[in-house]
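Here is what each chain is made of, one letter per residue.
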Amino acid sequence: MTSFPAIGRLSPKAKTASLASALALAMVGLGFAAVPLYDLFCRVTGFGGTTQRYDPVAAAADPVILSKTISVRFDANVSAGLPWKFYPEHPTDTVSIGARDMAIFIAENNSSRPVVGTAGFNVTPTQAGKYFTKIQCFCFTEQRLEPGQQMRMPVLFFVDPKIMDDPDARDIQEITLSYTFHPVDEGKKAS
């Protein structure tokens, strides 16, 4: 059986190679862990306007609805290559903090072929993201529209009353919920 010499007895080139190999393995490990760790960080802190996930167990309690209202602006965008018209039914809404509300977005396929799209979103100002909770949303779900088809897509949401306890967010007068639809290449869908 072959034994390995102690690290102290390795040549300088072997030490450098060992260190470089260990560093490369650590970088690969960090690469795999980066996406889930970043996602967790964003969900906990609301970083980058990441909204909170709806928790039906916590929602079973009576909701706290404040008399204070906040304006919510709805923004709709379509990336290049997607022949859709996409817009909010109403560009703004004034909601009571803590009350559930619904916005409707409308998408229409202006091409002569079926097209599949999926939407990503963000919330600004970013410090409001952790207080903006979507109960139901069309984001990250593939939407297929036939030629000329128009679809109404609801978003159910509320602004958490805890926003009033945050000195960095309690004076926010308007929150913007922005969606961007991107085309989905059906031939390259993950299986």
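For the structure itself, look to the data block above.
Residue indices begin from 1 for each chain and proceed along its sequence in written order. Under the rules for a predicted model, residues below a pLDDT of 70 receive no local features and side-chain atom pairs below 80 are neither given nor counted, while totals for whole chains, interfaces and linings still include all residues. The basis for the side-chain values is all heavy atoms of the structure; hydrogens and waters are excluded.

1. Examining the environment of Glu142
Selection rule: Helix numbers and strand numbers start at the N terminus; a helix is a DSSP run of H or I with at least 4 residues, a strand a run of E with at least 2.
Inspection of the secondary structure assignment puts Glu142 in the loop between strand S7 (132–136) and strand S8 (143–145). In the structure, Glu142 is positioned 24 residues away from Thr118 in sequence and 4.8 Å away in space, judged by C-alpha atoms.

2. Some thoughts on the nonpolar core
For clarity, the cut-off: Among buried residues, the Ala, Val, Leu, Ile, Met, Phe, Trp, Tyr and Cys ones that are joined through side-chain atoms within 4.5 Å form a nonpolar core. With a 1.4 Å probe rolled over the protein chains alone, any residue whose accessible area is under 20% of its type maximum counts as buried; one over 50% counts as exposed, and the rest are partly exposed. In this description, contact between two residues means that some pair of their heavy atoms is separated by no more than 4.5 Å.
Of all hydrophobic cores here, the largest spans 32 residues; its most connected members are Phe86, Phe105, Phe138 and Tyr179. Elements with a contribution of two residues or more to this core: strand S2 (69–78), strand S3 (84–88), strand S5 (101–109), strand S6 (115–124), strand S9 (150–159) and strand S10 (174–183). Setting aside residues up to four positions removed in sequence, Phe138 forms contacts with Phe86, Phe105, Ala119, Gln143, Met153, Pro154, Val155, Tyr179 and Phe181.

3. Quick word on the sheet that holds strand S4 (residues 92–96)
Using the following cut-off: For two strands to be treated as a pair, DSSP must find at least two bridges joining them. Between N-to-C directions, angles cover 0 to 180 degrees, with each direction set by a line fitted to C-alpha atoms, over the stretch in contact for helices.
As summarised here, the arrangement of the five strands in space is S4-S2-S10-S6-S8, forming an open sheet in which the pairing is mixed. The outermost strands of the open sheet, each flanked by one partner alone, are S4 and S8. Across the sheet, the axes of successive neighbouring strands diverge by a mean angle of 30°, strand direction being ignored.

4. Focus: the packing of aromatic side chains
Each pair of aromatic rings is reported with the distance of its centres and the angle of its planes. How we decide: Classification of ring pairs uses Phe, Tyr and Trp, with its six-membered ring standing for Trp, and accepts pairs whose centres are within 6.5 Å; under 30 degrees between planes counts as stacked, over 60 as edge-to-face, and the remaining range as tilted.
Under the counting rule described, the total for this entry stands at 13 aromatic pairs. Relative to Phe140, the ring of Phe121 has its centre 5.7 Å away and its plane inclined at 65°; by these criteria the two rings are edge-to-face. Of the two residues, Phe121 is situated in strand S6 and Phe140 in the loop between S7 and S8; the sequence distance between them amounts to 19 residues. The exposure class of Phe121 is partly exposed, given its relative accessible area of 22%. Judged by relative accessible area, which is 60%, Phe140 ranks as exposed. Arranged with centres 6.3 Å apart and planes meeting at 50°, the rings of Phe121 and Tyr179 form a pair that is tilted.

5. Some thoughts on the side chain of Asp166
Along the chain, Asp166 falls in the loop between S9 and S10. Residue classification places Asp166 among the buried residues on the basis of a relative accessible area of 11%.

6. Observations concerning unusual backbone geometry
Cis geometry is found at the peptide bond from Thr124 to Pro125, where omega equals -5°. The backbone of Phe140 shows a phi angle near 65°, a positive value even though the residue is not glycine.

7. Concerning the pattern of salt bridges
Note the cut-off: Here, a salt bridge means any side-chain nitrogen of Lys or Arg that lies within 4 Å of a carboxyl oxygen of Asp or Glu.
The tally for this structure, following the rule as stated, stands at three salt bridges. Where Arg152 meets Glu89, a salt bridge forms, and the shortest distance between an N and an O atom there is 2.4 Å. Of the two residues, Arg152 sits in strand S9 while Glu89 sits in the loop between S3 and S4, which places them 63 residues apart along the sequence. A salt bridge links Lys130 to Asp166; the nearest nitrogen and oxygen atoms lie 4.0 Å apart. With Lys130 in the loop between S6 and S7 and Asp166 in the loop between S9 and S10, this pair connects stretches of sequence that are 36 residues apart.

8. Focus on the side chain of Ser178
In plain terms, the rule: Polar contacts, as counted here, are pairs of nitrogen or oxygen atoms within 3.5 Å of one another; within protein the pair requires one atom able to donate a hydrogen and one able to accept it, and residues that are adjacent in sequence qualify only if both atoms are side-chain atoms.
With respect to the element layout, Ser178 can be found in strand S10. Exposure remark for Ser178: the relative accessible area of 11% places this residue in the buried category. Of the polar contacts made by the side chain of Ser178, one reaches the side chain of Asn77; its length is 3.4 Å. Beyond its immediate stretch of four places on either side in the chain, Ser178 contacts Asp75, Asn77, Gly120, Phe121 and Asn122.

Interpretation in functional terms is not warranted from these geometric data alone.
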